[in-house]
Amino acid sequence: MIEAADRWQAVCAVDELVHGTGVCALVAGRQIAVFQVEGQVYALDNFDPGSRANVLSRGLTGDLQNERVVASPIYKHHFSLATGRCIEDPTFSVTAYSTRVVDGQVQIEVPRVTRRVRLVVAGNGMAGMRTVEELLKLGVADRFQITVFGAEPRGNYNRILLSPVLSGEQQADDIMLHRPAWYTRRGITLHSGDPIVEVDRKRRVVRSKSGVVAQYDRLLIATGSDPIVLPLPGKDLPGVVTFRDLDDVNRMLERSGAGRRAVVIGGGLLGLEAAHGLSLRGMHVTVVHLLDTLMERQLDASASALLKAALEKRGIEFRMRAKTQEIAGSERVTGVRFEGGEEIAADLVVMAVGVRPNIELAKKIHLACDRGILVDDTLQTYDPAIYAVGECVQHRRQTFGLVAPLWEQARISAQHIAEIGVSRFSGAINATQLKVSGIEVFSAGDFAEKAERESLVLSDKRRGVYKRIVLEGNKVCGAVLFGDTREAAKLRDLIADRTDIGPIRDQLLFDGAAA
């Protein structure tokens, strides 16, 4: 505990402060910007929420709206030197600290901390650990005692790169993000292969599957999502797997091999990535899809047809509008039987029909849930001591499976867990890019046909290029690209910013050089 006499920390001589500019000081683990203006000393958090960088000490001071302010050197927001209030947007405000000058030395009042905040993380996946990383970036690591519980018996890895591991283009070790030594070096306690199974919200205590008990001041739930398993006869046979984690990949590799047959149920993003990976392993692959359009949530019929043709050239077969009735076999899987009685042989069956948020723990402890764990704009649940991020959450009726919104959730929740929260999460634009080497596919936004919308289309079958940009009210609301995705980032920004595209309408279907 910080005693009253020790609450003030000397940072520099007052003569070392230059009028109108700032210096940065480290106080109780926080970066603090110190300024002197007309004989008065001010101190603010150095972290600029707009640029997400510790830069306020480099800003210039002045007067705005009858207040002494410092201007962020990057984001161009202005912050009151006296209160930390952001003039343009109060939600971006920062913390102001008391200052005094004693014997020519500038002193800052140290934030009162009686003990380290106990943060427990339920889930050792990408979203949860990205939140921990963001917390460490804020320079407040010494204020926290962090304990992580994960279901998988390993460190944290990049789940997005499972497909290259399946295909043999990368090894499992190549996609590791945080090995056990990373946690140890940062004083983080990791319980791998030991998920949390109970939470006492009243006492703020968690218990893991093996019986480990830990107390928390803040609990972060990042339990991700679970693969959907169709309730088919034979679904539990050896050789029937999902495609969600490294253990699934290892099970697929055990049954892969040249000449063997694999059936992938599901023509969505994960299913096609699994099919491509197994095909590179030498397997004869058949994709079974219930509809007549591949990746129907991300592609229109034209782009889907081009994608199907490109994958067929690589040796992958398709059974469209086919409904699986049963997985055949006795001691192991031997085939897949469709409605109508037709059966195809299989040594391996991969179910890739989608995922659903893993809300089992949240429901068990009576947190408010719908399809996912309900969170507000700060990623806080209905229990103010519990936050949630990643594929397990639902925000404004939307769930998330893409990296960009998960990273944004991690950044914002870390700020609020650190009690310097200023930003708000406002959702995300749906954007998808298929990770199959040599095939460029991108989609973003809402490209459904409606009476009030029009489509700009470029189709060049000889070159294998298809572009469709959907406009509503002279703004881009959706886009589908196949074969040429160089303008993907620009289109994503146009959709997110709702930019008036009148001046560039004639250029939208062409890359910058062609335009």
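First things first, this report covers the structure right here in the doc.

Thresholds, definitions, all that
Residues numbered from 1 in each chain as written. Predicted model: local features only at pLDDT ≥ 70, side-chain atom pairs only at ≥ 80, totals over all residues. Heavy atoms only, no water. Core = buried A, V, L, I, M, F, W, Y, C linked by side-chain atoms within 4.5 Å. Buried < 20%, exposed > 50% of the residue type's maximum accessible area, 1.4 Å probe, protein only. Contact = heavy atoms within 4.5 Å. Pairing = 2+ DSSP bridges. Helix = DSSP H or I, 4+ residues; strand = E, 2+ residues; numbered from the N terminus. Axes fitted to C-alpha atoms, helices over the stretch in contact; angles between N-to-C directions. Expected span 1.5 Å × (residues − 1). Polar contact = N/O pair within 3.5 Å; in protein donor to acceptor, adjacent residues only side chain to side chain.

Before going further, it helps to spend a moment on the nonpolar core. The nonpolar side chains of soluble globular proteins are, as a tendency, buried together. In terms of nonpolar packing, the biggest core is built from 50 residues, with Leu 135, Ile 146, Val 206 and Ile 221 touching the most fellow members. Setting aside chain neighbours within four positions, we find Ile 221 in contact with Ala 122, Ile 365, Leu 367, Ile 373, Ile 386, Tyr 387, Ala 388, Val 389 and Cys 392.

As a further point, take the sheet that holds strand 7 (residues 60-64). Read across the sheet, three strands follow the order 7-8-9 without closing on themselves; strand pairing throughout is antiparallel. Each of the sheet's edge strands pairs with one partner strand only, and the pair in question is strand 7 and strand 9 (78-80). For this sheet, the mean inter-axis angle between neighbouring strands, taken without regard to orientation, is 40 degrees.

The terminal C-alpha atoms of helix 8 (residues 403-417), which comprises 15 residues, lie 21 Å apart, in line with the 21 Å expected from a rise of 1.5 Å per residue. Where burial is concerned, most of helix 8 is hidden: eleven out of the 15 residues are buried. What helix 8 keeps buried is the set Pro 405, Leu 406, Gln 409, Ala 410, Arg 411, Ile 412, Ser 413, Ala 414, Gln 415, His 416 and Ile 417. Glu 419 sits one or two residues past helix 8 and shows a positive phi near 65 degrees.

Examined against the element boundaries, Glu 109 turns out to sit in strand 12 (residues 105-109). Since its relative accessible area comes to 19%, Glu 109 is described here as buried. A distance of 3.4 Å separates a polar atom in the side chain of Glu 109 from a polar atom in the side chain of Arg 7.

The parallel open sheet is built from five strands, whose spatial order is 23-30-24-25-26. Each of the sheet's edge strands pairs with one partner strand only, and the pair in question is strand 23 (240-242) and strand 26 (317-319). Looking at each pair of strands side by side, their axes are set apart by 25 degrees on average, direction ignored. Bridge analysis of strand 23 against strand 30 (residues 348-351) gives three bridges, and the strand direction is parallel. Along strand 30, the bridge assignment pairs Val 241 with Val 350. Against the sheet, helix 4 (residues 246-255) contacts strand 23 and strand 30, and its axis sits at roughly 145 degrees relative to strand 23.

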